[in-house]
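Each chain is listed here by its residues.
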Amino acid sequence: MASSTLELTGLNFNLTEEHLAVQEAARDFAQNDLLPGVIERDSEAKFPAEQVKKMGELGFLGMMVAPEYGGGGMDTVSYVIAMEEISKVDASCSVIMSVNNSLVCWGLETYGSEEQKQKYLTRLASGEIIGAFCLSEPEAGSDATSQTTTAFDQGDHYLLNGTKNWITNGNSSGVCLVMAQTDVEKKHKGINCLIVEKGQPGFVVGKKEDKMGIRASDTHSLMFTDVKVPKENRIGPEGFGFKFAMSTLNGGRIGIAAQALGIAAGAYELALKYSQERKSFGRRIFDHQAIQFKLAEMATRIEAARLLVYKAARLKDEGKDYVQAAAMAKLYASDVAMWATTEAVQVHGGYGYVKEFHVERLMRDAKITQIYEGTSEIQKLVIARELVK
Ligand code: CAA
């Protein structure tokens, strides 16, 4: 099926042999290493430690990082290709991968000092450790400028205090990028991003969230009480933290858009297959027009989402402005994911409602793509602001 395999076709996306090799490698990994046990990991909310280790070995955790820092040196298009394939099968693994690649590694590589890259990026890119991105707080999700976590200047270090919420890789990460307010008077211009290592005195991993979807990824609150963070762990100049977060999230949204695309495409592929196996009223359910129309519409919307995701990735690779394109891709692909997974459950009927057939999990996983890395409402705000820039 054209729409299920990135044939992206017809259009000249200049896909190289390398892109196709990445797709094949990601697809093999998803089928051989992620599919077995995905239902159990979801049910038990079990962190996929083995699978994450293998993602590191295969180079999926630092895909865009330069080889000199231990990464794959690949482009964003390669990254979204891999994200789509992995998300078709296991969106818990793909969010772990996405946060590490596009929020943590990209942010560090783009804005970090040489010392920070040598010390942290090389380990993050290889998967020796994974990272977390800590912006959200109990009272600051969409309204991210309202940070209450503080990092007061103590001469050679900052004293970090506060709580971060809904942190992906919260327990499993070795390093966290933490946004905190240093100069309250300056509002968002007084925010810094600090690299905080796990195990520091005063750094406590709080409760694990019991989530609707992406249940195998670990989402925690993190608490900081008088944590001493050396000055050299600040990313960029004083007060750069909010710009750092916004700029990093622009690229992160391409990763989540690719995740949403993969969830939608995974559900569609399962529904298409099932429709050709299941019989009702004496024929395959695919032969009923009611089912054909669903599949036709799914294939069409998924292809449209894919074009937006690839457009945003391509703009980023070409060094062009991708803020609006990334927001559009995430807004649209996440809606397609929610809608297509719901339709896939419907195509499966009663079987769709039980875990064994995978689509109910994909439907639960889809919902978060409309929420994290900027809700759909925030994406609309970003898109609208760009319209009149
Ligand atoms: N790119 C670059 N800079 C941006 C930006 C963008 N997309 N959006 C805003 N900025 C800059 C502005 O230019 C401004 O800088 P200056 O003051 O220097 O001009 C600064 O940020 C503040 O912007 P605004 O004045 O527009 O602030 P606002 O409060 O009106 O709006 C917001 C800010 C866009 C709503 C922002 O708070 C936002 O994006 N919120 C959503 C936060 C989010 O995406 N959280 C995700 C959490 S991380 C996560 O989910 C990871 C995970 O675990 C999976």
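Note that the coordinates shown come from a computational prediction; the quantities given were computed from them, not determined experimentally.

1. Description of the environment of I130
Then comes step 1: If you trace the backbone, I130 turns up in the loop between α6 (114-126) and β1 (131-134).
Then comes step 2: Overall, I130 belongs to the buried group, its relative accessible area being 5%.
Then comes step 3: C-alpha separation for the pair I130 and K53, spaced 77 residues apart in sequence, amounts to 9.8 Å.
Then comes step 4: When sequence neighbours within four positions are dropped, the list of residues in contact with I130 reads F47, V52, L61, I96, N100, L124, N169, S172, S173, G174 and V175.

2. Concerning the domain arrangement of the protein
Many descriptions give the size of an interface as the accessible area lost when the pieces come together.
Then comes step 1: Domain boundaries assigned for the protein yield domain 1 (2-130), domain 2 (132-242) and domain 3 (243-387).
Then comes step 2: Between domain 2 and domain 3, a total of about 1200 Å² is buried, with carbon and sulfur atoms accounting for 75% of that surface.
Then comes step 3: Counting the surface domain 2 buries against domain 3, the share from its top three residues, M212, I214 and F242, is 43%.
Then comes step 4: At the boundary of domain 2 with domain 3, the tally comes to 0 salt bridges.
Then comes step 5: The tally of links from domain 2 across to domain 3 stands at 9 residue pairs in polar contact (both at pLDDT 80 or more).

3. Regarding the packing of aromatic side chains
Then comes step 1: This model, assessed by the stated rule, comprises 8 aromatic pairs.
Then comes step 2: Note on Y111 and F244: the rings are 5.8 Å apart at their centroids and 70 degrees apart in plane angle, and the pair reads as edge-to-face. Of the two residues, Y111 is situated in helix α5 (residues 91-111) and F244 in helix α7 (residues 241-277); the sequence distance between them amounts to 133 residues.
Then comes step 3: Clustering of aromatic rings is evident, with ring pairs tying together W106, Y111, F240 and F244.
Then comes step 4: The ring of W339 is capped by R301, whose NZ or CZ atom sits 3.7 Å from the centre of that ring.

4. Focus on the packing of helix α1 (residues 17-34) against helix α3 (residues 49-57)
Then comes step 1: Between α1 and α3, the least distance of the axes is 11 Å, while the angle of their chain directions is 155 degrees. The angle between α1 and α3 falls in the class roughly antiparallel. As α1 runs across α3, the sense of the crossing is right-handed. On the side of α1, the interface is formed by F29, D33 and L34, while α3 contributes Q51, K54 and M55.
Then comes step 2: Class assignment for the residues of the contact of α1 with α3 results in 3 nonpolar, 1 polar and 2 charged.

5. Structural notes on α1
Because an α-helix packs 3.6 residues into every turn, residues spaced three or four apart end up facing the same way.
Then comes step 1: Between the first and last C-alpha of α1 there are 24 Å, a value that for 18 residues agrees with the 26 Å anticipated at 1.5 Å per step.
Then comes step 2: For α1, the elements touching its buried residues are α2 (38-44), α3, α4 (76-89) and α5.

6. What about the layout of surface pockets?
Then comes step 1: Estimates place the volume of the largest pocket at around 1200 Å³.
Then comes step 2: Looking at the lining of the largest pocket, the element that brings in the most residues is α7, giving 6 residues.
Then comes step 3: Residues that form the lining of the largest pocket fall into these classes: 21 nonpolar, 12 polar and 10 charged.

Definitions and cut-offs
- Residues numbered from 1 in each chain as written.
- Predicted model: local features only at pLDDT ≥ 70, side-chain atom pairs only at ≥ 80, totals over all residues.
- Heavy atoms only, no water.
- Helix = DSSP H or I, 4+ residues; strand = E, 2+ residues; numbered from the N terminus.
- Buried < 20%, exposed > 50% of the residue type's maximum accessible area, 1.4 Å probe, protein only.
- Contact = heavy atoms within 4.5 Å.
- Domains from an automatic or database assignment.
- Buried area = accessible area lost by both parts, 1.4 Å probe.
- Salt bridge = Lys/Arg side-chain N within 4 Å of Asp/Glu carboxyl O.
- Polar contact = N/O pair within 3.5 Å; in protein donor to acceptor, adjacent residues only side chain to side chain.
- Phe/Tyr/Trp six-rings, centres within 6.5 Å; stacked < 30°, edge-to-face > 60°.
- Lys NZ or Arg CZ within 6 Å of the ring centre and 35° of its normal.
- Axes fitted to C-alpha atoms, helices over the stretch in contact; angles between N-to-C directions.
- Parallel < 35°, antiparallel > 145°, perpendicular 65-115°, else oblique.
- Left-handed = near helix turned anticlockwise from the far one by under 90°.
- Nonpolar A, V, L, I, M, F, W, Y, C, P; charged D, E, K, R; others polar.
- Expected span 1.5 Å × (residues − 1).
- 1 Å grid on protein atoms, 1.4 Å probe; cavity = no way out; pocket = protein on both sides within 12 Å on 5 of 7 lines; lining within 4 Å.
- Points joined across faces, edges and corners; volume = space filled by probe spheres on them.

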